[in-house]
Amino acid sequence: MSSGGALEAGALSILEDDPLWYKDAIFYELPLRAFYDSNGDGVGDFPGLIEKLDYLQDLGITAIWLLPFYPSPMRDGGYDIVDHRAVSPEYGTQAHVRRFIREAHRRGIRVIFDLVANHTSDRHPWFQRARRAPRGSVWRDYYVWSDTPDRFSGVRVIFQDFEESNWTWDPVAGQYYWHRFYHHQPDLNLLNPRVQKEILRIADHWLRMGVDGFRLDAVPYLVEKDGTTCEGLPETHEVLRRLHAHIDSHYPNRLLLAEANQRPIDAVNYFGQGDECHMVFNFPVMPRLFLAVRTEDKLPLQRVIEEMPPIPENCQWGMFLRNHDELTLEMVDPEERQLMWDVYAVDTEARINLGIRRRLAPLLGNHRRRIELMNALLLSLPGSPVIYYGDELGMGDNVYLDDRNGLRTPMQWSADRNAGFSRAPSQRLYLPVLNQPEYHYGSVNVELQLRHPHSLLLWMKRLIGLRRRYPAFSRGDIRFLDSETYSVLAYLRTLGEQVLLVVANLSRYVRYANLDLAQYRGWTPVELYGETRFPAVAEGRYFMSLGPHSFYWFRLEPPPG
Ligand code: NOJ
Ligand code: CA
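Everything quoted here is computed from the prediction, not taken from an experiment.

Draft legend 1. Fine view of the overall build of the protein. A count of helices and strands for the protein gives 17 helices and 22 strands. Taken over C-alpha atoms, the radius of gyration comes to 24 Å for the protein, in line with the 24 Å a tight globule of 561 residues would show. For the protein, the spread of C-alpha atoms along the three principal axes comes to 80 × 55 × 50 Å. Burial analysis of the protein (561 residues in total) assigns 63% to the buried set. Counting contacts in the protein only where the partners sit at least 6 residues apart, residues at least 24 apart contribute 69% of the total. For the protein, the accessible surface area stands at approximately 21200 Å², while carbon and sulfur atoms represent 50% of it. The averaged location of the 73 negative side-chain charges in the protein is 3 Å from the averaged location of its 63 positive side-chain charges.

Draft legend 2. A look at the coordination of the calcium ion (ligand 2). All of the protein donors around the calcium ion (ligand 2) are Asp-37 (OD), Asn-39 (OD1), Asp-41 (OD), Val-43 (O) and Asp-45 (OD); their distances to the metal are 2.3 to 2.5 Å. Within one chain, the residues donating to the calcium ion (ligand 2) are spaced in sequence as D-x1-N-x1-D-x1-V-x1-D.

Draft legend 3. Highlighting the sheet that holds strand β5 (residues 167-170). The three strands are arranged β4-β6-β5 in an open sheet whose pairing can be described as antiparallel. A strand with exactly one partner marks an edge of an open sheet, and here the two such strands are β4 (145-146) and β5. Relative to strand β6 (residues 175-178), β5 runs antiparallel, the two being bridged by four bridges. Following the sheet pairing, Trp-169 is matched in β6 by Tyr-176.

Draft legend 4. Representation of the nonpolar core in the model. One finds Phe-100 and Phe-113 to be the most contacted residues of the largest nonpolar core, which totals 165 residues. Not counting residues within four places of it along the chain, the set of residues in contact with Phe-100 comprises Phe-46, Leu-49, Ile-50, Leu-53, Ile-64, Leu-66, Val-111 and Phe-113. The next biggest cluster of nonpolar side chains, apart from the first, holds 18 residues, and it includes Ala-490, Leu-501, Ala-513 and Met-544.

Draft legend 5. Region of interest: unusual backbone geometry. One non-glycine residue, Asp-403, lies in positive phi territory at about 50°. Locating Asp-403 in the fold gives a position in the loop between β14 (384-388) and α15 (446-451). With a phi angle near 55°, Asn-418 is a residue other than glycine that sits in the positive phi range. Residue position: Asn-418 is located in the loop between β14 and α15.

Draft legend 6. Seen up close, the pairing of strand β8 (residues 255-258). Of the two faces of β8, the one holding Leu-255 and Leu-257 and the one holding Leu-256 and Ala-258 are both buried throughout. Here strand β7 (residues 213-216) pairs with β8 via four bridges, running parallel. By the bridge assignment for β8, Phe-214 is matched with Leu-256. In this fold, β7 hands off to helix α8 (residues 234-250), which returns the chain to β8; that crossover is right-handed. Alignment of β8 against strand β9 (residues 279-281), held across two bridges, turns out to be parallel. For Ala-258, the partnering residue across the bridge sits in β9 and is Val-280.

Draft legend 7. Molecular detail of the site of ligand 1. Neighbouring ligand 1 are 13 residues, the closest being Asp-76, His-119, Asp-217, His-324 and Asp-325. Here an oxygen atom of ligand 1 sits 2.8 Å away from a polar atom, N or O, in the side chain of His-119. Considered class by class, the residues forming the shell around ligand 1 number three nonpolar, three polar and seven charged.

Draft legend 8. Focus on helix α12 (residues 334-344). Every buried residue belonging to α12 is among Glu-336, Arg-337, Met-340, Trp-341 and Tyr-344, and all of these are buried. What you see down the axis of α12 is that its buried residues fit within an arc of 140°, all on one side. Summarising the geometry of α12, the exposed residues directed more than 90 degrees from the buried face are Pro-334 and Glu-335. Tucked inside the fold, the buried residues of α12 contact α10 (285-295), β11 (327-328), β12 (351-352), β13 (355-356) and α13 (360-363).

Draft legend 9. Structural view of the side chain of Gln-302. Relative to the elements of secondary structure, Gln-302 occurs in helix α11 (residues 299-306). Overall, the relative accessible area of 11% leaves Gln-302 in the buried class. Setting aside chain neighbours within four positions, we find Gln-302 in contact with Phe-480 and Leu-489.

Draft legend 10. Broad picture of the sheet that holds β11. Taken together, the three strands give an open sheet; going across it, the order is β11-β13-β12, and neighbouring strands pair in antiparallel fashion. The sheet is open, and its two edges are formed by β11 and β12, each paired on a single side. Sheet topology places β12 next to β13; two bridges connect them, and they run antiparallel. By the bridge assignment for β13, Ile-352 is matched with Gly-355.

Draft legend 11. The side chain of Ser-422, seen in detail. Considering the arrangement of structural elements, one finds Ser-422 in the loop between β14 and α15. Taking relative accessible area as the criterion, Ser-422 reaches 6% and is therefore assigned buried. Only 2.6 Å separates the side chain of Ser-422 from the side chain of Asp-37, close enough to count as a polar contact. Side-chain polar atoms of Ser-422 contact the backbone nitrogen of Ala-424, separated by 3.0 Å. Residues contacting Ser-422, with those up to four places away along its chain left out, are Asp-37, Gly-40, Gly-42, Arg-417 and Leu-429.

How each quantity is defined
Residue indices begin from 1 for each chain and proceed along its sequence in written order. Note on labels: chains are lettered from A, ligands numbered from 1, in written order. Since the coordinates come from a predicted model, pLDDT governs what is reported: local features require at least 70, and pairs of side-chain atoms require 80 or more to be given and counted, while whole-chain, interface and lining totals use all residues. Calculation of side-chain values draws on the structure's entire complement of heavy atoms; hydrogens and water are dropped beforehand. Numbering of helices and strands runs from the N terminus; a helix is a DSSP stretch of H or I covering at least four residues, while a strand is a stretch of E covering at least two. Every radius of gyration here is taken over C-alpha atoms, with the globule rule written as 2.2 Å times N^0.38, N being the number of residues. When accessible area is computed with a 1.4 Å probe and restricted to protein chains, residues below 20% of their type maximum are described as buried, those above 50% as exposed, and intermediate ones as partly exposed. The contact criterion used is simple: two residues touch if any of their non-hydrogen atoms lie within 4.5 Å. Here the accessible surface of atoms and residues is derived via Shrake-Rupley with a 1.4 Å probe, and residues count as covered only by protein chains that are part of the display. For this count, His and the chain ends are skipped, Lys and Arg are scored as positive, and Asp and Glu as negative. For charged residues, the charge sits on one atom: NZ in Lys, CZ in Arg, CG in Asp, CD in Glu. Only nitrogen, oxygen and sulfur atoms qualify as donors, and only when within 2.8 Å of the metal (3.2 Å in the case of Na, K and Ca); with water excluded, sites may look incomplete. Pairs of strands are assigned from DSSP output, requiring at least two bridges between the strands. To define a nonpolar core, start from buried Ala, Val, Leu, Ile, Met, Phe, Trp, Tyr and Cys residues and group those joined through side-chain atoms within 4.5 Å. Seen with its strands pointing away from the viewer, a crossover is right-handed when the path leading from the first strand over the helix to the second is clockwise. We define proximity as follows: a residue is near a molecule or strand when any one of its heavy atoms falls within 4 Å of that partner. Any pair of nitrogen or oxygen atoms within 3.5 Å is treated as a polar contact; in protein, a donor-acceptor pairing is required on top of that, and neighbouring residues in sequence qualify only through side-chain atoms on both sides. Amino acids are sorted into nonpolar (Ala, Val, Leu, Ile, Met, Phe, Trp, Tyr, Cys and Pro), charged (Asp, Glu, Lys and Arg) and polar (every other residue, Gly among them). For this quantity, the arc is that covered by the directions from the helix axis to the C-beta atoms.

Don't take any of this as a statement about function, it's just geometry.
Have a look at this one:
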């Protein structure tokens, strides 16, 4: 095997040869079918996405996480795959994938795909073969079987609004099969060496085309064993180490980003010793950001970050506010979960499984300053931020659509028919566009916001630009400062000589902060948006007042000489 794909894609690209590129990256997550429809069939596609790459480059993001685009019955948003190495024809062809990667690289944007190793669709040829193959054969053992539904008892059901058990009876096989998600998604048996080989073949296929890495779906559940929780087993970590080693030895500068919705102490295990996943989504911090702005109390947020175990040098957290799934509350305490439900999902339609199916703007009551505050935290706390498509516009959602589809409606490009997303008749769109007054595409859309100097979109663009200018945001240490006010969060991000100070008022009222900056006596805080020089730090504490939900980003400049 060669890294020819990388070289081919690299020839036209302006990407730096940096194995740690993901540490400085700003990711943009998008479902292909929701982005832009080039041929008027009502479904977004690769040529459409390529047309819109200039928009993403202009926004300033540096990496795209593309959700599954593989052939699928689409009963789980495409995570129910029937062929992991193919492109669903409605999205385009393999040639389109290659062109997309090349065009993204040409604009300095890296690309990662979803790699779903935990399960397949029940229509996958492997499952069809397995159910008919003799018991105990290598083919049957592509999946996980049992004669009774009591095996692995006590393992939690994740999609608890939809499934009662992790086992479903298969009359063809005459056995039960194991599934951590929908019953139409049987779990692969990663203990079968052939299955492991298949996963490497899938990875090779896309890596040779030049993709920069993978978001690894549902990694804690890869391997199951009797008498365990079937989550995060040593054998699962072994699979990840093997994948990492394989990729490392064949392809330069690639990323593995794990979806591991676990407690901090378990989540960090997916970094291994720097030899498993380079990045892991920070599920523990995410709900605490929402709790913090709602309760106006910084401590639970500060504590969870301070108590986060250290991670290996080559690793980085993936920070996010929202994604294509429900805002999951699986890993918070029952009281916190109830509080989150009470304040963020008063409308019970918004609740699903153990979470909330809403986008960022509706969660925050479409309150502009709160939206800005949350994004400012996202882009200044440790980790690489992942922005969910449409959240840069403050797009809304539709809780009356099935499952999590309400968060996956067409991107709103303009006030034209179908929000400028597609020329198809409206009834042919894969999902309807949003037309409730508050989030109507007539007023919430890219075209309008690009023209309006005070739009959220242009504000986000400036925020992203600032973040990119200061490497301490992406690679620096964090130290929280005492502010004398429980609702004012203050922290320093430092990298070598670069010292950044973030002060954020979580409260809806005016607050003051009295910061302990003794260590920086004589230094001058310079506010990054306006380049405004504040009074130098004198003896004692540094005082400032903050408007409701306001935040400041400063760099600290040392005294001359
Ligand atoms: C995680 C994905 O993010 C989610 O959308 C999907 O439903 C589950 N994996 C199961 O495939
Ligand atoms: Ca199309």
